[in-house]
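Listed below, chain by chain, are the residues.
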Amino acid sequence: MEQTASWQPLAGIRVLDFSVLLPGPLATVMLADLGAEVVKVEPVTGDNARNVPALGPIFRNANRNKRSLALNLKHPDSASIIERLAARSDVVVETFRPGVAERLGVGHEKLQALHPGLIYCSLSGYGQSGPWRDAPGHDLNYLAAAGAFTFSGHWFGKPRRSGLPVADMSGGSLAACAILSALQERSRTGRGVYLDMSLFEATLFFTAARHGLDRDRFIPDHPYPTNDLFETADERMVALGVGTEEHFWINFRNAVAPIAPEILEPRFQTDAGRRQHGDELATWLQRLFRTRPATEWMELLQRHDVPVSLCLTPKEASEAEHVRARRMVDGSGTEATVPFPVWADGQRGGRMERPAPQLGQDTADILTEIGFSKAEVGDFKRAGIVSGELG
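Here the structure is a predicted model, which means the values were calculated and not measured.

S.K.: Where do I start with the packing of helix α8 (residues 166-189) against helix α9 (residues 199-211) in this structure?
M.R.: Two measures define how a pair of helices packs: the angle their axes make with one another and the distance between the axes. Relative orientation of the contacting elements α8 and α9 amounts to 95°, with a least axis distance of 8 Å. In this view, α8 runs roughly perpendicular relative to α9, as classed from their interaxial angle. Mapping the contact onto sequence places Ala167, Asp168, Ser170, Gly171 and Leu174 in α8 and Leu199, Ala202, Thr203, Phe205 and Phe206 in α9. Its residues assigned to classes, the contact of α8 with α9 shows six nonpolar, three polar and one charged.

Shown next, in the form of structure tokens:
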């Protein structure tokens, strides 16, 4: 029987979200998907991701299940609103450059003084201290600074950036992990904590976890020539995942040998041999995969239990039979999305409760909830302190 409820372990947790673009909103949308009430405090001009068409998917998918309060933090009279919001919140997340939150009156010392149990997370490029703290940067810069571009994902060629912003997404994910850890600690101690996290350090953490920290130069030594992407006769791409496990190489060899007996050459029969002759093997595989269309390769290799995947578009992936069977995509809103990807006792770990809000959509409701009268809300708007739908 299909479950309609979703797992909401963070119900009752209130999050005050000053973040924009992707890393911070990714962290807070995870919390929102899991039941937290997230108030997105935006400048009156909105999160920049609203106004750049190329960033539209980021805004819509990283801000679902949130409410929007459009607030001019540079106006001195915004302080009374911030103080009431902070006093009732459990978590604050901000992604300003170091020092900016303090100048705007929303720094951690001020807000934690109002609410000692507050968990305050600053997520910046390089952290709140150190010689790089004020350096500007984007995802590409943090990957470069963390050594990630020392390593290639292909047997041939030098490193290339991913189509996914790895630093942004790893930073946002680890921020969510740290916030949940802080909530657990607060349940024991009653005290809040200040979390100083950086996208660079998140990337360095993952670089060290995968490759260690000893490499001091680029060496074109992707571990396995058989673990790569290959173009087929119909110009599709397939991902061949033959690497550490010898039995998968044997399965692949058995599948291919009847049509390409060269694979049985002694030089390719050990892991050391495949690496030693990797250039020849990789070139041979490229030619081999171009001889048949992707559907034929998929049928042949899957029949022999070889790790192989067709490189799908996001639309194709979202419509896949497996995705439908596990109800991974929520299409209840105006745009299909993927909620937090976990199942807990048969319940999915999140669903589309509401799409990403319009700018200031919830301004009036939030202000009245924290005790301001309709007249005061009107005064705030006339003074340029807030904007949005004020009723």
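S.K.: What should I look at first to understand the sheet that holds strand β4 (residues 91-94) in this one?
M.R.: The strands making up a sheet associate through backbone hydrogen bonding, with each pair oriented either parallel or antiparallel. Sheet architecture is open: seven strands sit in the order β6-β5-β4-β1-β2-β3-β12, paired in mixed fashion. Lying at the two open borders of the sheet, with one neighbouring strand each, are β6 (193-198) and β12 (386-387). Relative to β12, strand β3 (residues 66-71) is paired through two bridges, and the arrangement is antiparallel. Bridging across to β12, alanine 70 finds its partner in serine 387. Packed on one face of the sheet, α8 meets β4, β5 (119-124) and β6 and runs near 165° to β5.

S.K.: Whenever I open this one, unusual backbone geometry confuses me. Can you help?
M.R.: If a residue is not glycine, its phi is most likely negative; likewise, a peptide bond is most likely trans. With phi around 60°, asparagine 65 is a residue other than glycine that occupies positive phi space. On the secondary structure map, asparagine 65 appears in the loop between α3 (56-62) and β3. Relative accessible area serves as the criterion here: at 9%, asparagine 65 is assigned to the buried category. In this structure, glutamate 235 is a non-glycine residue whose phi angle is positive, near 65°.

S.K.: In this structure, what is going on with the pairing of β3? I would like to understand it.
M.R.: With six of its six residues buried, β3 lies for the most part within the structure. Along β3, one buried face is formed by Lys66, Ser68 and Ala70 and the opposite face, lined by Arg67, Leu69 and Leu71, is buried too. Both strand β2 (residues 37-42) and β3 contribute to a ladder of five bridges, which runs parallel. Residue pairing for β3: valine 38 is matched across the bridge by lysine 66.

S.K.: Explanation requested: the nonpolar core in the structure shown.
M.R.: Nonpolar side chains tend to gather and get buried jointly when the protein is soluble and globular. Counting residues in hydrophobic clusters, the biggest one holds 34 residues, and the most contacted among them are Ile13, Val15, Ala36, Val91, Cys121, Ile179 and Leu195. Among the secondary structure elements, those contributing two or more residues to this core are α1 (23-33), β4, β5, α7 (139-145), α8, β6 and α9. Of all the elements, α8 adds the most residues to this core, at seven residues. Once you skip the residues sitting within four places of it in the chain, alanine 36 turns out to touch Leu10, Ala11, Ile13, Val15 and Leu31.

S.K.: Looking at this structure, I do not really get the sheet that holds strand β7 (residues 227-231). What am I missing?
M.R.: An order of β7-β8-β9 is seen for the three strands of this open sheet, with the pairing classed as antiparallel. Among the strands making up the open sheet, the edge pair consists of β7 and β9 (308-310). The average angle at which neighbouring strand axes cross in this sheet is 20°, direction not considered. With three bridges joining them, strand β8 (residues 237-241) and β9 adopt antiparallel strand pairing. Each residue of the ladder has a partner; that of leucine 240, found in β9, is valine 308. Those strands touched by helix α13 (residues 294-303) are β8 and β9, and its axis lies near 155° from that of β9.

S.K.: It is not clear to me how α1 should be interpreted in this structure. Could you clarify?
M.R.: Given 3.6 residues per helical turn, the α-helix brings residues three or four places apart onto the same face. Burial runs high along α1: 11 of the 11 residues are buried. Looking at the residues trailing α1, positive phi occurs at glycine 35, about 110°.

S.K.: Teacher, can you tell me more about a nonpolar patch on the surface here?
M.R.: A surface patch of nonpolar side chains, amounting to about 240 Å² of accessible area, comprises Leu164, Val166 and Met169. With respect to the helices and strands, methionine 169 occurs in helix α8. Residue classification places methionine 169 among the partly exposed positions, given a relative accessible area of 30%.

Rules used throughout
Residues numbered from 1 in each chain as written. Predicted model: local features only at pLDDT ≥ 70, side-chain atom pairs only at ≥ 80, totals over all residues. Heavy atoms only, no water. Axes fitted to C-alpha atoms, helices over the stretch in contact; angles between N-to-C directions. Helix = DSSP H or I, 4+ residues; strand = E, 2+ residues; numbered from the N terminus. Parallel < 35°, antiparallel > 145°, perpendicular 65-115°, else oblique. Contact = heavy atoms within 4.5 Å. Nonpolar A, V, L, I, M, F, W, Y, C, P; charged D, E, K, R; others polar. Pairing = 2+ DSSP bridges. Buried < 20%, exposed > 50% of the residue type's maximum accessible area, 1.4 Å probe, protein only. Core = buried A, V, L, I, M, F, W, Y, C linked by side-chain atoms within 4.5 Å. Patch = residues over 30% accessible without salt bridge, like charges linked within 9 Å, V, L, I, M, F, W, Y side chains within 5 Å. Areas by Shrake-Rupley, 256 points an atom, 1.4 Å probe, with all protein chains shown as cover. Salt bridge = Lys/Arg side-chain N within 4 Å of Asp/Glu carboxyl O.

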